[in-house]
Amino acid sequence: MNIRYLHTMVRVKDLDKTMEFFRLLGLEETRRIDNEKGRFSLVFMAPPGQEECPVELTYNWDGDDGLPSDSRHFGHLAYRVGNIYEMCQKLQDAGVTINRPPRDGHMAFVRSPDNISIELLQEGDHLPPQEPWASMENTGHW
């Protein structure tokens, strides 16, 4: 079963200041998604020549009053997997709770024993919906 590290996500209160900080470290913007409907921006920054190892800066346009004091800075680790259903089944069989099941054949969230949120993303196209995942509800938070 193949797995590939994708990125680490952190929430930011001031996108410009945070981007400037990461630029000081030598990182460059490699990709940006501005989501009008969700009112957020995702900015991916990585060292030159290491675009496959970015940090994802998540900025909520309407602010995030809990930052910086609520420990929500760190969001999740993300991994691309060869078959999201097989990976989720393997994890579930080992006693891991699937917090956000892969109902869409594309994305799932689980948590590590230390409560670290892990995003799993299907490699390539979404897989067709499949039970029991298609009708499974979310559990806890992710």
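Residues numbered from 1 in each chain as written. Predicted model: local features only at pLDDT ≥ 70, side-chain atom pairs only at ≥ 80, totals over all residues. Heavy atoms only, no water.

If you check an unreviewed UniProt entry, the chain appears there as VOC family protein from Paracoccus albicereus.

With that settled, consider the pattern of salt bridges. In the structure shown here, the tally under the stated rule is four salt bridges. Between Arg-39 and Asp-62 there is a salt bridge, and its shortest N-O distance comes to 2.8 Å. Here Arg-39, found in the loop between β2 (28–35) and β3 (40–46), pairs with Asp-62, found in the loop between β4 (55–60) and β5 (74–81); they are 23 residues apart in sequence, far enough to count as distant. One salt bridge connects Asp-104 with Arg-100, and the closest N-O pair in it is separated by 3.5 Å. (Salt bridge = Lys/Arg side-chain N within 4 Å of Asp/Glu carboxyl O. Helix = DSSP H or I, 4+ residues; strand = E, 2+ residues; numbered from the N terminus.)

Strands pair in a sheet through their backbones, by hydrogen bonds, and they do so in one of two ways: parallel or antiparallel. Across the sheet, which stays open at both edges, the eight strands sit in the order β2-β3-β4-β1-β5-β8-β7-β6 with mixed pairing between neighbours. Unpaired on one side and paired on the other, β2 and β6 (98–100) mark the two borders of the sheet. Going across the sheet, the axis of each strand differs from the next one's by a mean of 30°, ignoring polarity. As paired strands, β6 and strand β7 (residues 107–111) are joined by two bridges and run antiparallel to one another. Bridge pairing in β7 places Ile-98 opposite Val-110. On top of the sheet, helix α2 (residues 84–93) reaches β1 (3–12), β5, β6, β7 and β8 (117–122); it is set at about 145° to β8, its chief contact. (Pairing = 2+ DSSP bridges. Axes fitted to C-alpha atoms, helices over the stretch in contact; angles between N-to-C directions. Contact = heavy atoms within 4.5 Å.)

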